[in-house]
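Listed here are the chains, written in short residue letters.
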Amino acid sequence: MASIWEYANPLKFMRLTDRVLPWVSVLAAASLVIGLIWGFFFTPDDYRQGSTVKIIYLHVPSALMAINAWFMMLVASLIWLIRRHHVSALAAKAAAPVGVVMTVIALLTGAIWGQPMWGTWWAWDPRLTSFLILFLFYLGYIALWEAIEDADTAADLTAVLCLVGSVFAVLSRYAVNFWNQGLHQGASLSLDKEENVADVFYLPLLVCIAGFVLLFLSLVLLRTRTEIRLRRTKALIAREGMADA
Amino acid sequence: MIALLIRDLKLSVRAGGGFGLGLAFFLIVTVLVPFGVGPESGLLGKIAPGVLWLGALLSCLLSLDRIFALDWEDGSLDLLATSPLPLEGVAAAKAMAHWLTTGLPLTLAAPFLGILLNLPQSGFGWLTLSLAIGTPALSVIGTFAAALIVGVKRGGLLLSILVLPLYVPTLIFGAEVARRGSAGMEVLPPVLLLAGISLGAVAILPFVSALVLRINLR
């Protein structure tokens, strides 16, 4: 019986991703190109926001992935703490820089949109503020990985930090809501169809989101493969050092 | 556990530990604020609750890396780990000692510094109350972060990067209590939320700190 846990074996993971990665990255590139060109050039301007509405094709997907990347790190950390699969710890490590870039993209595109629309680059709105806090959490997580030399200790400690950080990130989200009223509009997308943006914007947006998901996936797979190779190299160097001594 | 608590208290009061330093830092930060924002007393009174909370938080941060670092360096942390007292108890005692030497004095000093910043009359009680409720959370969260980086050399800067995001909810609710209190607004909801965070952190985080210490001592 093939189970998902088989791919916790680094060898099998490498073999699988070696085959899957090209497909995922090509698909990511294709859907990003299609989605962005469709969104930027073949959708009408919004009657109030003008062409600035088109930044939605970068802003919403990146914001979505910024949160999902943290969530993926949380799941991977849990798997590492419970089942001790090294690939899982390395995947969490690999996802963090991608997540932080997504957060920065969301913040920057938001600021660029906010300047003409709200008349300000930045407001201490709950959504904006919690994204900034998320960014700080990412920084702490990455810094802790960098600071600790022993690989397993680093994996354990960052996993615990990710768990505790998640709790405090959620707390911060609600605390910030309590602290200030919002300027940011409500959800652009939801399963409740009433709230959604108009279909002309919706379809290219979906393609862009798919593109960002695939992009995230391919970057994480690539970085995880790099981490595994890095660890193999270290093991080889250590073995050679032993042989010389 | 009480012996450990007393030992830590003695260590921090003697030997130039964090005890006086934190308070002095708090004082200096408070004195510097009017130089930064101008001496206008209306403005100072308005920002006083936030500034005092921020000052208390930073002074708390200052002494965090002492919680475990010295014991780690001279090996007494290993002894504590092998002692009959469980590590959870060690972590709790350490957090308690940290609170008694920083959180409590800061709470008691805050009203006096509030006078310097022209804090409105109605704000003193709420400021003291919010600090009394909130600083235990700062201490246990800080103990957790200090346990995370105990093996890292010169981890002070890293510690602040790790711990400051974790302080966000406590700071928001704490400062909100003080702000609303001094403006004469409804205070109960943030007080309850602050107490919730504080109690939750005190109940759970010593266990997490102990887990982290075990990983580090492995």
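Presented here is an overview of the structure given in this document. (Residues numbered from 1 in each chain as written. Chains lettered and ligands numbered in written order. Predicted model: local features only at pLDDT ≥ 70, side-chain atom pairs only at ≥ 80, totals over all residues. Heavy atoms only, no water.)

## Considerations on the overall build of chain A
Turning to step 1, where the next piece is worked out: Helices and strands together make up the secondary structure of chain A, namely six helices and zero strands.
Turning to step 2, where the next piece is worked out: A principal-axis box enclosing the C-alpha atoms of chain A has dimensions of 70 × 40 × 35 Å.
Turning to step 3, where the next piece is worked out: Scored against the burial criterion, the 245 residues of chain A give a buried share of 42%.
Turning to step 4, where the next piece is worked out: Across chain A, every contact between residues at least 6 apart in sequence was considered, and the portion connecting residues at least 24 apart equals 76%.
Turning to step 5, where the next piece is worked out: Surface summary for chain A: the accessible area is close to 13100 Å², and the carbon and sulfur share equals 69%.
Turning to step 6, where the next piece is worked out: The average position of the 18 basic charges and that of the 17 acidic charges among the side chains of chain A differ by 6 Å. (Helix = DSSP H or I, 4+ residues; strand = E, 2+ residues; numbered from the N terminus. Buried < 20%, exposed > 50% of the residue type's maximum accessible area, 1.4 Å probe, protein only. Contact = heavy atoms within 4.5 Å. Areas by Shrake-Rupley, 256 points an atom, 1.4 Å probe, with all protein chains shown as cover. Lys, Arg positive; Asp, Glu negative; His and termini not counted. Charge placed at Lys NZ, Arg CZ, Asp CG, Glu CD.)

## Notes on the packing of aromatic side chains
For any two aromatic rings, the description comes down to two numbers: the centre-to-centre distance and the angle of the planes.
Residue and element names in this part refer to chain A.
Turning to step 1, where the next piece is worked out: For the structure shown, the criterion picks out eight aromatic pairs over all chains.
Turning to step 2, where the next piece is worked out: The interplanar angle of 65° and the centroid separation of 6.1 Å between the aromatic rings of tryptophan 70 and phenylalanine 137 together place this pair among those described as edge-to-face. Here tryptophan 70, found in helix α2 (residues 56–83), pairs with phenylalanine 137, found in helix α4 (residues 126–147); they are 67 residues apart in sequence, far enough to count as distant.
Turning to step 3, where the next piece is worked out: Above the ring of tryptophan 5, the side-chain terminus of arginine 83 is found at 3.9 Å from the ring centroid.
Turning to step 4, where the next piece is worked out: Here arginine 84 stacks its cationic end above the ring of tryptophan 80, 4.2 Å away from the centre of that ring. (Phe/Tyr/Trp six-rings, centres within 6.5 Å; stacked < 30°, edge-to-face > 60°. Lys NZ or Arg CZ within 6 Å of the ring centre and 35° of its normal.)

## Concerning unusual backbone geometry
Turning to step 1, where the next piece is worked out: Although it is not a glycine, arginine 84 of chain A adopts a positive phi angle of roughly 55°.
Turning to step 2, where the next piece is worked out: Along the polypeptide, arginine 84 of chain A turns up in the loop between α2 and α3 (86–118).

## Focus: the packing of α2 of chain A against α4 of chain A
Residues and elements named next belong to chain A.
Turning to step 1, where the next piece is worked out: The contact between α2 and α4 brings their axes to 11 Å, and the two run at 40°. On the basis of their axis angle, the class for α2 and α4 is oblique. Where α2 crosses over α4, the two elements pack in a sense that is left-handed. Here α2 contributes Ala63, Ala66, Ile67, Ala69, Trp70, Met73 and Ser77 to the contact with α4, which in turn contributes Phe131, Leu134, Phe137, Tyr138 and Tyr141.
Turning to step 2, where the next piece is worked out: The class makeup of the residues in the contact of α2 with α4 is eleven nonpolar, one polar and no charged. (Axes fitted to C-alpha atoms, helices over the stretch in contact; angles between N-to-C directions. Parallel < 35°, antiparallel > 145°, perpendicular 65-115°, else oblique. Left-handed = near helix turned anticlockwise from the far one by under 90°. Nonpolar A, V, L, I, M, F, W, Y, C, P; charged D, E, K, R; others polar.)

## Comments concerning the pattern of salt bridges
Turning to step 1, where the next piece is worked out: Applying the stated criterion to the full structure yields eight salt bridges over all chains.
Turning to step 2, where the next piece is worked out: Where lysine 93 of chain A meets glutamate 227 of chain A, a salt bridge forms, and the shortest distance between an N and an O atom there is 3.3 Å. Taken together, the residues lysine 93 of chain A in helix α3 and glutamate 227 of chain A in helix α6 (residues 199–244) connect sequence positions 134 residues apart.
Turning to step 3, where the next piece is worked out: Each of the salt bridges in this network shares a partner with another, and the network as a whole consists of Arg84 and Asp156 of chain A together with Arg218 of chain B. (Salt bridge = Lys/Arg side-chain N within 4 Å of Asp/Glu carboxyl O.)

## Describing the nonpolar core
Turning to step 1, where the next piece is worked out: One finds Met73, Tyr141 and Leu144 of chain A together with Phe144, Leu148 and Leu205 of chain B to be the most contacted residues of the largest nonpolar core, which totals 107 residues.
Turning to step 2, where the next piece is worked out: Aside from chain neighbours lying at most four places away, what touches leucine 144 of chain A is Leu157, Thr158 and Leu161 of chain A together with Leu148, Ile149, Leu158 and Leu162 of chain B.
Turning to step 3, where the next piece is worked out: In terms of nonpolar packing, the next biggest core, distinct from the first, is built from nine residues, Leu36, Val60, Leu205 and Ile209 of chain A among them. (Core = buried A, V, L, I, M, F, W, Y, C linked by side-chain atoms within 4.5 Å.)

## Concerning the interface of chain B and chain A
Turning to step 1, where the next piece is worked out: On the chain A side, the residues contacting the 27 residues of chain B number 25 residues.
Turning to step 2, where the next piece is worked out: Taking both sides of the interface into account, the surface hidden between chain B and chain A amounts to around 2100 Å²; carbon and sulfur atoms contribute 85%.
Turning to step 3, where the next piece is worked out: In this structure, the connection of chain B to chain A is made through one salt bridge.
Turning to step 4, where the next piece is worked out: One salt bridge connects aspartate 156 of chain A with arginine 218 of chain B, and the closest N-O pair in it is separated by 2.9 Å.
Turning to step 5, where the next piece is worked out: Our count for the chain B to chain A interface comes out at one residue pair in polar contact (both at pLDDT 80 or more).
Turning to step 6, where the next piece is worked out: Among the elements of the structure, α7 (123–148), α8 (156–183) and α9 (188–217) of chain B are those that each provide at least two residues to the side of chain B that touches chain A.
Turning to step 7, where the next piece is worked out: Here the side of chain B that touches chain A gets eleven residues from one element, more than from any other, and that element is α8 of chain B. (Buried area = accessible area lost by both parts, 1.4 Å probe. Polar contact = N/O pair within 3.5 Å; in protein donor to acceptor, adjacent residues only side chain to side chain.)

## Side note on the packing of helix α6 (residues 87–116) of chain B against α9 of chain B
Residue and element names in this part refer to chain B.
Turning to step 1, where the next piece is worked out: Contact geometry of α6 with α9 gives a least axis separation of 8 Å together with a crossing angle of 115°. Classified by the angle their axes make, α6 and α9 are roughly perpendicular. Judged by the twist between their axes, the crossing of α6 over α9 is right-handed. On α9, the residues that touch Leu87, Glu88, Ala91 and Ala92 of α6 are Pro206, Phe207, Ser209, Ala210, Leu213, Arg214 and Leu217.
Turning to step 2, where the next piece is worked out: When the residues that make up the contact of α6 with α9 are grouped by side-chain class, the tally is eight nonpolar, one polar and two charged.

## Some details on α8 of chain B
Given 3.6 residues to a turn, an α-helix orients residues that are three or four positions apart in the same direction.
All names here are of chain B.
Turning to step 1, where the next piece is worked out: The largest bend along α8 reaches roughly 40° and is located at tyrosine 167, with the proline proline 169 sitting one to four residues downstream.
Turning to step 2, where the next piece is worked out: Here α8 lies mainly inside the structure; 21 of its 28 residues are buried.
Turning to step 3, where the next piece is worked out: Once α8 ends, the next one or two residues include glycine 184, with phi positive near 75°. (Bend = angle between axes of the 7 residues up to and from the residue.)

## Description of the environment of tryptophan 99 of chain B
Residues and elements named next belong to chain B.
Turning to step 1, where the next piece is worked out: For tryptophan 99, the position within the fold is in helix α6.
Turning to step 2, where the next piece is worked out: Take tryptophan 99: its relative accessible area is 18%, and that puts it in the buried class.
Turning to step 3, where the next piece is worked out: Sequence separation between tryptophan 99 and alanine 137 is 38 residues; the distance between their C-alpha atoms is 9.1 Å.

## Points about a nonpolar patch on the surface
Residue and element names in this part refer to chain A.
Turning to step 1, where the next piece is worked out: There is a patch of nonpolar side chains on the surface, built from Val33, Ile34, Ile37, Trp38, Phe40, Phe41, Phe42, Leu203 and Leu206 and spanning about 890 Å² of accessible area.
Turning to step 2, where the next piece is worked out: Residue assignment for the nonpolar patch shows that the elements contributing at least two residues are α1 (10–41) and α6.
Turning to step 3, where the next piece is worked out: Broken down by element, the residue count for the nonpolar patch peaks at six residues, all from α1.
Turning to step 4, where the next piece is worked out: Assignment of secondary structure puts isoleucine 37 in helix α1.
Turning to step 5, where the next piece is worked out: The class for isoleucine 37 is partly exposed, based on a relative accessible area of 40%. (Patch = residues over 30% accessible without salt bridge, like charges linked within 9 Å, V, L, I, M, F, W, Y side chains within 5 Å.)

## As for the side chain of serine 130 of chain B
Turning to step 1, where the next piece is worked out: By secondary structure assignment, the location of serine 130 of chain B is in helix α7.
Turning to step 2, where the next piece is worked out: Not counting chain neighbours up to four residues away, the residues in contact with serine 130 of chain B comprise Trp53, Gly174, Val177, Ala178 and Leu194 of chain B.

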